[in-house]
Every structure is written in structure tokens, then in C-alpha cells.
Amino acid sequence: MDIGVISVRYARALLKSAIDAGIEDAVYAEMQQLARSYAEVQQLRLTIDNPMLPKDKKEALLLTAVGGTPTELTKAFVGLVLKEDRESVMQFIANSYVTLYRQEKNIIRGRLTTAARVSPATEQKMRQMVESKTNGTVEFETEVNPDIIGGFILEYDTYRMDASVKSKLNSILNTLKK
């Protein structure tokens, strides 16, 4: 069976259980942390996939990767995944849960890139602008990139607004080359 199909089925079941229990936000934070742990610790996937490592060690490792004190639902879910020998798709399940949760809650991911750090008020204005255009909540990520010289680059969904000095200068340079 396809990894994508399996991970989405498990993630959908986890989301439904979390919504029924009223703890979907807490499980969302846990699945985000688990996905981050997989991304940041290369050895995690290799260790979890190791058939020689006992299930109880894998469970302890996954619950540690979730961070903090996991909800009872997450503990039970990790146990179920291990019981069904699906630990090799746990990373995909976590990512699928995050995606399904965002769809359920109409959360849009956005990124604001600036040449220098912006004030929280400016960041909030940009967030509100995106929220008004998308009629959703925005998870905003800011990045400082001095290479753009000045201005900003705003990205969300498939939209990209490049109001950076670097792009303006490149545009002028391209016009002069013609």
C-alpha cells in the first residue's frame, strides 16, 4: 500500500479523535514538533526504522521527539502505530496531520522576508493583510535576508509579492540590457 495513503488515513483518524476529545490544538503542536524532530535529527528516522530496536525503546524515543508531556491521545496513537508496525511512516503521519489540521482550521502559511528585522506592529499589519485576502488564519514566518537590500518579499499559498530593492534593481538592469 502507498505510504501517502497510509499516512493520511492514520492522520485523519488522529485528527478526528483529537477533535472529538477537544484537544486537536495540542495534538497539532505535538505533530509539528515531531515533524521538526524528524527534520532536524537525521538519525531519528534511521533509529525508528531499525528492526533490532525494541518497540518500547521506539515508543520512548517517539514520545521524546514529540516534546514536553504528550497528551494521552498521542501516547495511545504512538502505541497503535507501533503495534501495527507502521512506525516507518510516522514522519509522514505527523506531516499529514499538520496539513489536515491546517485545512480543517483554514490556516494559511505565510512568509515575510525583509532585509532587516521588522517591528511586531509591521509584522502584524502584514499578517492582517494576508488574513483579509484569504479569509483564514495565517501562520506567519519571518526571515531576515540582507541580500534583498531593502523592501520585502511576501509569500502565501501560491501568491508571491516581491517588493525588494534587489528585484527592482535586477528589473532595471534587464531593461538596460535589451
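Before going into details, it helps to say that this report is about the structure given with it.

The rules we used
- Residues numbered from 1 in each chain as written.
- Predicted model: local features only at pLDDT ≥ 70, side-chain atom pairs only at ≥ 80, totals over all residues.
- Heavy atoms only, no water.
- Phe/Tyr/Trp six-rings, centres within 6.5 Å; stacked < 30°, edge-to-face > 60°.
- Helix = DSSP H or I, 4+ residues; strand = E, 2+ residues; numbered from the N terminus.
- Buried < 20%, exposed > 50% of the residue type's maximum accessible area, 1.4 Å probe, protein only.
- Pairing = 2+ DSSP bridges.
- Axes fitted to C-alpha atoms, helices over the stretch in contact; angles between N-to-C directions.
- Contact = heavy atoms within 4.5 Å.
- Parallel < 35°, antiparallel > 145°, perpendicular 65-115°, else oblique.
- Left-handed = near helix turned anticlockwise from the far one by under 90°.
- Core = buried A, V, L, I, M, F, W, Y, C linked by side-chain atoms within 4.5 Å.
- Lys, Arg positive; Asp, Glu negative; His and termini not counted.
- Salt bridge = Lys/Arg side-chain N within 4 Å of Asp/Glu carboxyl O.
- Nonpolar A, V, L, I, M, F, W, Y, C, P; charged D, E, K, R; others polar.

Topic: the packing of aromatic side chains
Across all of its chains, the model carries four aromatic pairs by this definition. Geometrically, the ring pair formed by Y28 and Y101 is stacked, given 3.9 Å between the ring centres and 15 degrees between the ring planes. Residue Y28 is located in helix α2 (residues 24-40), and its partner Y101 is located in helix α6 (residues 90-105); the two are separated by 73 residues in the primary sequence. Given the relative accessible area of 5%, Y101 is considered buried.

So, the sheet that holds strand β3 (residues 151-156)
One open sheet accounts for four strands, arranged β2-β1-β3-β4; its pairing is mixed. Each edge of the open sheet carries a strand with a single partner, namely β2 (137-144) and β4 (159-164). Each strand of the sheet is rotated relative to its neighbour by a mean of 15 degrees, with strand direction disregarded. Judged from the eight bridges that link them, strand β1 (residues 107-114) and β2 form a sheet pairing that is parallel. Residue G110 lies in a different strand from β2, and its bridge partner there is F140. Most of the contacts of helix α8 (residues 165-177) go to β4, to which it runs at about 80 degrees, and overall it touches β3 and β4.

Some details on unusual backbone geometry
Look at I149: it is not a glycine, yet its phi comes out positive at around 70 degrees. Residue class for I149 comes out exposed when judged on its relative accessible area of 52%. Not every positive phi belongs to a glycine, and D157 is a case in point at roughly 45 degrees. Here D157 is to be found in the loop between β3 and β4.

Some details on the side chain of R127
Within the secondary structure, R127 sits in helix α7 (residues 120-134). Residue classification places R127 among the buried residues on the basis of a relative accessible area of 18%. Beyond its immediate sequence surroundings of up to four residues, R127 is in contact with V138 and F140.

Quick notes on the packing of helix α1 (residues 3-21) against α6
At a closest axis distance of 8 Å, the pairing of α1 and α6 adopts a crossing angle of 55 degrees. Comparing the axis directions of α1 and α6 gives the class oblique. The two elements α1 and α6 cross, and the hand of that crossing is right-handed. Here α1 contributes I3, S7, V8, Y10, A11, R12, L14, L15, A18 and I19 to the contact with α6, which in turn contributes F92, I93, S96, Y97, L100, Y101 and E104.

Looking at the nonpolar core
In this structure, M31, L34, L62, M90, I93 and Y97 are the most contacted members of the largest nonpolar core, which totals 31 residues. Among the elements of the structure, α1, α2, α3 (42-49), α4 (55-66), α5 (72-83) and α6 are those that each provide at least two residues to this core. Sorting elements by how many residues they give to this core places α6 first, with seven residues. If near-sequence neighbours (up to four positions away) are discounted, Y97 is found in contact with A11, L14, L15, A18, E24, V27, Y28 and M31. Core analysis: the next-biggest nonpolar cluster, separate from the first, contains eight residues, I108, V130, V138 and F140 among them.

Some words on the side chain of E30
In this fold, E30 is placed in helix α2. Among buried Asp, Glu, Lys and Arg side chains, E30 stands out as unpaired, with K75 the closest opposite charge at 8.6 Å. In contact with E30, other than residues within four places in its own chain, are V66, T69, P70, T71 and T74.

Things to note about the packing of α2 against α6
Packed helix pairs are specified by the crossing angle of their axes together with the interaxial distance, meaning the distance between the axes. One way to put it is that α2 packs onto α6 with a least axis distance of 9 Å and a crossing angle of 140 degrees. If you check the angle between α2 and α6, you find them oblique. In the crossing of α2 with α6, the sense of the turn from one axis to the other is left-handed. Residues E24, D25, V27, Y28, M31, Q32, L34, A35 and Y38 of α2 touch α6, and the partners they reach there are M90, Q91, A94, N95, Y97, V98, Y101, R102 and K105. For the contact of α2 with α6, the class distribution of residues is 11 nonpolar, three polar and four charged.

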